[in-house]
Amino acid sequence: MTLSISLTVNGERRDVPLEDPRATLLDVLRERIGLTGTKKGCDRGQCGACTVLVDGRRINSCLALAVSHDGAEVTTIEGLAQGDELHPVQAAFVECDGFQCGYCTPGQIMSAVGLIAEGGADDPERIREGMSGNICRCAAYPGITAAVQDAQERMAAEERKSA
């Protein structure tokens, strides 16, 4: 029996047939939709490499059954930039050297976007706590913390300008 779910992924509606109702959102994004920016790390929700935004909230997509998110809006790393213009968090990661090997970077960036939206990126200690579910085996944490703080400050300044 094949189930069908509908997801809006990076602004585009996707109808996805599922042969297995136990398919994770991570596997649907990577294997069915072809968005491989979201990484499969531990497959246990411990490393954060698979972090995406679902209806604006950050989740570990390796722990989420795709069927439980039928109708949801999903944002992956591929959906952040606007054409050639990087999202402020992506730009800050580049400028602040917030990565080394880069494997965890998509999950780190997606978690940072969620953390900023939650209002939890106002000082380095809160940033470290809010990002603690995302592991970087290269230990790029100082650059990651600086990038999140820089992006939060830029986004707040832009918000004040447009208000």
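One structure accompanies this document, and this report is about it. Owing to the predicted nature of the structure, the values given are computational and were not obtained by experimental measurement. (Residues numbered from 1 in each chain as written. Predicted model: local features only at pLDDT ≥ 70, side-chain atom pairs only at ≥ 80, totals over all residues. Heavy atoms only, no water.)

Residues V89, F93, I109, M131, I144 and V148 are the most contacted members of the largest nonpolar core, which totals 22 residues. Breaking this core down by element, the ones donating at least two residues are α2 (88-95), α3 (105-118) and α5 (141-162). When residues in this core are grouped by element, the largest group, six residues, is from α3. Not counting the four nearest positions on each side in its chain, V148 is found in contact with F93, A112, L115, I116, A121, I127 and M131. Ranked by size, the runner-up nonpolar core spans 17 residues in total, among them I5, L29, V54 and V74. (Core = buried A, V, L, I, M, F, W, Y, C linked by side-chain atoms within 4.5 Å. Buried < 20%, exposed > 50% of the residue type's maximum accessible area, 1.4 Å probe, protein only. Helix = DSSP H or I, 4+ residues; strand = E, 2+ residues; numbered from the N terminus. Contact = heavy atoms within 4.5 Å.)

For Q152, the location among the structural elements is in helix α5. Along the sequence, Q152 and V89 sit 63 residues apart, while their C-alpha atoms lie 7.9 Å from each other. Not counting chain neighbours up to four residues away, the residues in contact with Q152 comprise I116 and A121.

Moving on to unusual backbone geometry. A positive phi angle is found at N10, which is not glycine, with a value near 50°. Take N10: it is sitting in the loop between β1 (3-9) and β2 (12-18). For N10, a relative accessible area of 27% puts it in the partly exposed group. One non-glycine residue with positive phi stands out, namely D97, at about 55°. With respect to the helices, strands and loops of the structure, D97 is situated in the loop between α2 and α3.

A few words now on α2. For α2, every residue scored as buried is listed here: V89, Q90, A91, A92 and F93. Where α2 is buried, its residues touch α3 and α5. Two residues or fewer after α2 comes D97, characterised by a positive phi angle close to 55°.

What follows concerns the pairing of β2. Note: β1 against β2, seven bridges, orientation antiparallel. From the neighbouring strand, L3 faces β2, where its bridge partner is L18. Where β1 hands over to β2, the hairpin turn is made up of two residues, of which N10 adopts a positive phi near 50°. (Pairing = 2+ DSSP bridges.)

On to the pairing of strand β4 (residues 57-60), then. Where strand β3 (residues 51-54) meets β4, four bridges bridge the pair, whose relative direction is antiparallel. Bridge pairing links T51 to N60 in β4. Hairpin connection between β3 and β4: a loop of two residues separates the two successive antiparallel strands, and D55 in this loop has a positive phi of roughly 50°.

Take the pattern of salt bridges next. A complete count under the given rule lists 12 salt bridges for this structure. A salt bridge links E118 to R58; the nearest nitrogen and oxygen atoms lie 2.9 Å apart. Of this pair, E118 sits in helix α3 while R58 sits in strand β4, and the two are 60 residues apart along the sequence. In this structure R58 comes out as partly exposed when scored by relative accessible area, which is 22%. The residue D150 makes a salt bridge to R154 at a minimum N-O spacing of 2.9 Å. With a gap of four residues between them, D150 and R154 both fall in helix α5, about one helical turn apart. (Salt bridge = Lys/Arg side-chain N within 4 Å of Asp/Glu carboxyl O.)

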